[in-house]
Amino acid sequence: MPRDLQAHTVLPGGVLYLSPYFWPEEIGSAPYCRELAEHLAARGYAVSALAFRPHYPSPAPFGDWADGARDHERLGPIAIERVPVQARGSGGFRDRVRNDLRFLRRAAWHALRGRHRKTGAIIAYVPSILTLYGAMALKLRSGAPVMAVVHDIESGLATSLGIASHPVMLKLMRLAERIGLSFADEVVVLTEGMKRELEAIGCRRPVTVLPIWAQAAAEAPIDPAAPVQVMYSGNFGKKQNLDQLLPLLSYLSDTLPEVGIVMRGSGSERPRIEAEAARRGIATARFLELAPAEEFMVALQSANVHLVPQALNVANYALPSKLFSIMSAGRPYVCIAEPGSPLDALARDSGAGICVYPDDQARLCREVAALLGDPARQQRMGAAGRAYVQQHMNRAAIFNSYESILRRLAGAPEEQRIAEAEQ
C-alpha cells in the first residue's frame, strides 16, 4: 500500500456505511454519499456499504440490479451489499415505509449475527430515520460510534406535503426522529435552518452544519447565437411541486415560442405533469430522461436558465442538491421558495439566482422572460455561481471536516487529527 495511504489505515474495522441511496443513482443524496465514501476509501479507510438496490427516482435505468445478481459487488475498494426494494408507485408513503423497514431488518440481522462487530465507525444517512435504528443495533454489537448525516427531515417534509396531516401521525414521526437521533454520537446537517428544526424536534446530540460540496465545471460561456433553452432537471416528485411551473411553461410556449423548454428526469409525478403539459398545449416542451453522469454537466450547460421549484414550507427540511450542480455549471437559476428560506438566502448571497415567492406567477413569468432575453446577465450570474462554489463549497475542505469528525468520534488524538488534515 502506498505510504500516504498507510498513514491513514488507522481505524480498526474500518467504516460501515449505511446509505439507503447510493451509487449508481445520480440525483438526490446518492452522489454525495458515494463521493464521501470514495474519499474515505482513497484515504485508506476500509469502507463497506449497505444500500438499497438502485431505484431512485425510477428503477427503469437500473435493470442490471433488479434481479439481485449484483446484491454483492464492489465500487473500487468499497464493498457494497444491496437490500431489495420496491419501486415507488401508487403506494407512495406506505411503499417507502416498507422499504425502510426492509433496510432496518437487514441491518438488525447483521447485528444479531455479529457480522460487523469489529467495525470502527458507522456513518448513517437520513433519509430514512430508520437507518439510525439499524445503526443503533450495530453499535450495540460493535461499540462503534455513529455519525448521522441528515439530508432530509422527514417529519417536516411529510407535514408540508400533506403526507402526515393527522396530528397523531406527525407526533409519532417526530418521536421516531427524536429517539433515532439520540442513537447518534454526532449529527451533521446541511443548513442552519435544518439544525434549528432538529433542535425543535428535540435532538440533544451535537449538531454540526456542513454544506453540500461542489466542484466548478470547466467554463462554458453562454453563446448568444445558440438556441435559447430553459431547463428543469431532477426528480419529478411532490417535494418539487412542478405544478408551479405549468403556468410559466404555458406563457413561454405562447409568447416566446423560439425558447426551447427541456424537462429532464423521472419520478412519480412525471406522467401526470407530462400529460398536463400536453393538455395545456405546451408545444415547445420536451420531456427527456436525465443525462448520464458523463454528460451531466454538458447537459446543464446547454440551458440558458434553470428552474428550481420547491413545494411550500419544505425549505428547512431539505435542500435541492440540483442547485449546486447548476451553479457549478456556470448557469443562472430562478427558484420558487418562501421569503427568508435557504433558497432565498442563497440566491441573494451568491448572485447566481432569482428567488420568486410562491403564488406570484406574474413575477415568475416576468423574471424568467427578462433573464432569457439578456445573455450578458446570464453570463454574469453564471460566473457568480461558479465563484460562490469555489469560495464556499470547497470539496476538499468539507471532506476534511467530515473526516475530522469521524476520527474524533473514533478516539484519534487531536494532534494526530491535525497532522492528517494538513497532509
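Calculation rules
Residues numbered from 1 in each chain as written. Predicted model: local features only at pLDDT ≥ 70, side-chain atom pairs only at ≥ 80, totals over all residues. Heavy atoms only, no water. Helix = DSSP H or I, 4+ residues; strand = E, 2+ residues; numbered from the N terminus. Rg over C-alpha atoms; globule rule 2.2 N^0.38 Å. Buried < 20%, exposed > 50% of the residue type's maximum accessible area, 1.4 Å probe, protein only. Areas by Shrake-Rupley, 256 points an atom, 1.4 Å probe, with all protein chains shown as cover. Lys, Arg positive; Asp, Glu negative; His and termini not counted. Charge placed at Lys NZ, Arg CZ, Asp CG, Glu CD. Phe/Tyr/Trp six-rings, centres within 6.5 Å; stacked < 30°, edge-to-face > 60°. Core = buried A, V, L, I, M, F, W, Y, C linked by side-chain atoms within 4.5 Å. Contact = heavy atoms within 4.5 Å. Pairing = 2+ DSSP bridges. Axes fitted to C-alpha atoms, helices over the stretch in contact; angles between N-to-C directions. Polar contact = N/O pair within 3.5 Å; in protein donor to acceptor, adjacent residues only side chain to side chain.

(A) Spatial organisation of the overall build of the chain. The secondary structure content of the chain amounts to 16 helices and 14 strands. Taking 22 Å as the expected radius of gyration for a compact globule of 423 residues, we find that the chain reaches 22 Å, a close match to that expectation. With the C-alpha coordinates aligned to their principal axes, the bounding extent of the chain is approximately 65 × 50 × 45 Å. Scored against the burial criterion, the 423 residues of the chain give a buried share of 56%. Counting only carbon and sulfur atoms, one obtains 53% of the accessible surface of the chain, whose full area is about 17,900 Å². If the 47 positive side-chain charges of the chain are averaged to one point and the 43 negative ones to another, these points end up 6 Å apart.

(B) Local environment of the packing of aromatic side chains. In this structure the tally under the stated criterion is 13 aromatic pairs. Ring centres of tyrosine 21 and phenylalanine 52 lie 6.0 Å apart, and the angle between their planes is 75 degrees; on these two criteria the pair is classed as edge-to-face. In this pair, tyrosine 21 sits in the loop between strand S1 (15-18) and helix H2 (30-42) while phenylalanine 52 sits in strand S2 (residues 47-52), placing the two residues 31 residues apart along the sequence. You can call phenylalanine 52 buried: its relative accessible area is 1%. Here tyrosine 133 and phenylalanine 183 contribute two aromatic rings whose centre-to-centre distance is 5.1 Å and whose plane-to-plane angle is 90 degrees, an arrangement assigned as edge-to-face. Residue tyrosine 133 is found in helix H4 (residues 130-142), and its partner phenylalanine 183 is found in the loop between helix H6 (167-182) and strand S7 (186-189); the two are separated by 50 residues along the sequence. Owing to a relative accessible area of 22%, tyrosine 133 belongs among the partly exposed residues under this scheme. Following the ring pairs from residue to residue traces out a cluster consisting of Tyr21, Phe52, Tyr56 and Phe103.

(C) Expanded view of the nonpolar core. Among the nonpolar cores identified, the biggest contains 89 residues, and Tyr17, Val187 and Tyr333 are the most heavily contacted of them. Discounting residues that sit within four places of it in the chain, valine 187 has contacts with Ala148, Val150, Leu181, Leu198, Cys203, Arg205, Pro206, Val207 and Thr208. Core analysis: the next-biggest nonpolar cluster, separate from the first, contains 31 residues, Val259, Ile282, Val305 and Val368 among them.

(D) Fine view of the sheet that holds strand S14 (residues 353-356). If you trace the 6 strands from one edge of the open sheet to the other, you get S11-S10-S9-S12-S13-S14, paired in parallel fashion. Edge strands, defined here as strands with exactly one partner in the open sheet, are strand S11 (285-288) and S14. For this sheet the average axis-to-axis angle between neighbouring strands, irrespective of direction, equals 20 degrees. Judged from the 4 bridges that link them, strand S13 (residues 333-336) and S14 form a sheet pairing that is parallel. Note that in S14 the partner of isoleucine 336 across the bridge is valine 356. Lying over the sheet, helix H8 (residues 246-255) contacts strand S9 (229-233), strand S10 (260-264) and strand S12 (305-309), oriented at roughly 150 degrees with respect to S10.

(E) Expanded view of the side chain of glutamate 81. Looking at the element boundaries, glutamate 81 is found in strand S4 (residues 78-83). A distance of 3.0 Å separates the side chain of glutamate 81 from the side chain of arginine 115, its partner in a polar contact. Look past the residues within four positions of glutamate 81 in its chain and what remains in contact with it is Ala49, Leu50, Ala51, Asp71, His72, Arg106, His110 and Arg115.

(F) Here's a closer look at the sheet that holds strand S5 (residues 121-126). One open sheet accounts for 8 strands, arranged S3-S4-S2-S1-S5-S6-S7-S8; its pairing is mixed. One side of each edge strand has no neighbouring strand; the edge strands of this open sheet are strand S3 (72-75) and strand S8 (207-209). Direction aside, neighbouring strands of the sheet carry axes that sit 20 degrees apart on average. Bridge analysis of S7 against S8 gives 3 bridges, and the strand direction is parallel. Along S8, the bridge assignment pairs valine 187 with valine 207. Running at roughly 135 degrees to S7, helix H7 (residues 192-201) makes contact with strand S6 (146-150), S7 and S8 of the sheet.

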